[in-house]
Every structure is written in C-alpha cells, then in structure tokens.
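# Descriptive structure summary
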Amino acid sequence: MAQRLLLRRFLASTVSRKLPQGQWAPLASKALQTPQCSPGALTLTPSPARTIFTTRVRSTTFNIQDGPDFQDRVVNSETPVVVDFHAQWCGPCKILGPRLEKMVAKLQGKVVMAKVDIDDHTDLAIEYEVSAVPTVLAIKNGDVVDKFVGIKDEDQLEAFLKKLIG
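Every residue gets a number counted from 1 within its own chain, in the order that chain's sequence is written. Selection of residues for local features in this predicted model requires a pLDDT of at least 70, selection of side-chain atom pairs for listing and counting requires 80 or more, and totals for whole chains, interfaces and linings are taken over all residues. Only hydrogens and water are set aside when side-chain values are computed; all heavy atoms of the structure are taken into account.

Moving on, we come to the confidence of the model for the protein chain. Mean pLDDT over the protein chain works out to 81, with 65% of the residues at or above the 70 mark. Low pLDDT (under 50) marks residues 15–35, which in the prediction has 46 contacts with non-local residues, meaning those over four places away or in another chain. The pLDDT score gives, residue by residue, the confidence of the prediction method on a 0 to 100 scale. In what follows, residue pairs with any heavy atoms lying within 4.5 Å of each other are defined as contacts.

Pasting the structure below:
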C-alpha cells in the first residue's frame, strides 16, 4: 500500500513538470525522505530529500494505429520517416525490426520509425505496393524516396538511413 502511494506521488510530480527536450531536472519529494535515528536518542529526524533526475523520453519508434494516423505521423512529418511493413508471423521481420529500431535510435531524432502491421492495415500495404514482408520505405516530405524488401545487415541499414538523411 505504501509503495503504491509513493509511486502515485512520484508520478504525479513528474507528470506535472514540463521539461525541454533532453534536459534533466532534479525531482525532490517529501515522500522520498528517509528518517534517520540520531545517536543515543530515540527520536527520528528526516534527512534531506533525495534528488532523482528525470528526463522526458522521446520515442523514435511508433506503431501506426490507422490511416489518418499514418497520414498525420508519416506523410505530414517534417522529420524523415522509415516505415517498416511487417507481420507477426514473419520470421525475418522479427530479426529486422529490432535491428532497424536500434539503428534509428542511434540517429537521435534525425529519423523516426513507423511500424505498420500488414495484417491490421492491409489498405496501407496495398497503397504502398507491399508484396512481401519485411518491406521498408524511406519517406521524406511525404514522398517515398527509397525502398527495400527483405533482411539487411547493419552496414546496409546504415547506408540506407544516411541516404534518407541526405
């Protein structure tokens, strides 16, 4: 019960803070103070609050929910977008997906990655002429600028992403 209360206080204080991207801010909470026993006495005195550093996490990978979401987050994006068309049952997709996510994360926001499950969004797969999975598109300013089908190693993925950044 006490752990839940502590977690609620912590989350309430972090959610209420508006931080600029990538900056750290100290978070001190009375709930995080620890009592200390003074030597030779039975009285408890609170110690100074512990400082916890938090930062806003910006995800570079997201799942597409529907057509309008794709339009808003991919086609209308000012940031170049790598679109991974995949399926749950696809073995190569399970290898390529994490590899591609890692490469996109290394670029620290210069590129974002959208994941589209072709079984859930067949309309998008048809519109972008996806005939096999995994298919990866590079979209910049709403236009497809590059594409590959199948699995790639890290060097090939790095070259693909560098070409997209330009």
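What counts as a helix is a DSSP run of H or I of at least four residues, what counts as a strand is a run of E of at least two, and both are numbered from the N terminus. Looking at the secondary structure, you find Gly 150 in the loop between strand S9 (143–149) and helix H5 (154–165). With 18 residues separating them along the chain, Gly 150 and Ala 132 place their C-alpha atoms 8.0 Å apart.

Before going further, it helps to examine the nonpolar core. Throughout this description, the term nonpolar core refers to a set of buried Ala, Val, Leu, Ile, Met, Phe, Trp, Tyr and Cys residues connected via side-chain atoms within 4.5 Å. Each residue's exposure class comes from its accessible area (1.4 Å probe, protein chains only) as a fraction of the maximum for that residue type: buried when under 20%, exposed when over 50%, partly exposed otherwise. Formed by 22 residues in total, the largest nonpolar core has its most connected members in Ile 64, Phe 70, Val 74, Val 83, Phe 85 and Tyr 128. Not counting residues within four places of it along the chain, the set of residues in contact with Phe 85 comprises Val 116, Ile 118, Leu 124, Ala 125, Tyr 128, Val 130, Val 133, Pro 134, Thr 135 and Leu 137.

Let's shift gears to the packing of helix H3 (residues 91–106) against H5. Note on method: axes are straight lines fitted to C-alpha atoms, helices fitted across the in-contact stretch only, with angles between N-to-C directions ranging 0 to 180 degrees. Put simply, H3 and H5 touch, their axes get as near as 10 Å, and they point 50 degrees apart. Considered as vectors, H3 and H5 are oriented oblique to each other. Relative to H5, the crossing made by H3 is right-handed. In this structure, H3 contributes Leu 96, Arg 99, Leu 100, Lys 102, Met 103 and Val 104 to the contact, and H5 contributes Glu 154, Leu 157, Glu 158 and Leu 161. Each angle receives one of four descriptions, namely roughly parallel if under 35 degrees, roughly antiparallel if over 145, roughly perpendicular if within 65 to 115, and oblique otherwise. Two helices cross in a left-handed way if the nearer one is turned anticlockwise from the farther one by less than a right angle. They cross in a right-handed way if the turn is clockwise.

So, on to the pattern of salt bridges. Note on definitions: salt bridges are taken to be side-chain nitrogens of Lys or Arg within 4 Å of carboxyl oxygens of Asp or Glu. As enumerated under the stated definition, the model contains 5 salt bridges in all. Arg 73 is the partner of Asp 69 in a salt bridge, and the nearest nitrogen-oxygen pair spans 3.8 Å. Highlighted residues: Asp 69 and Arg 73, both in helix H2 (residues 67–75), separated by 4 residues, approximately one helical turn. In this structure Asp 69 comes out as buried when scored by relative accessible area, which is 14%. A salt bridge links Glu 154 to Lys 102; the shortest N-O distance between them is 3.0 Å.

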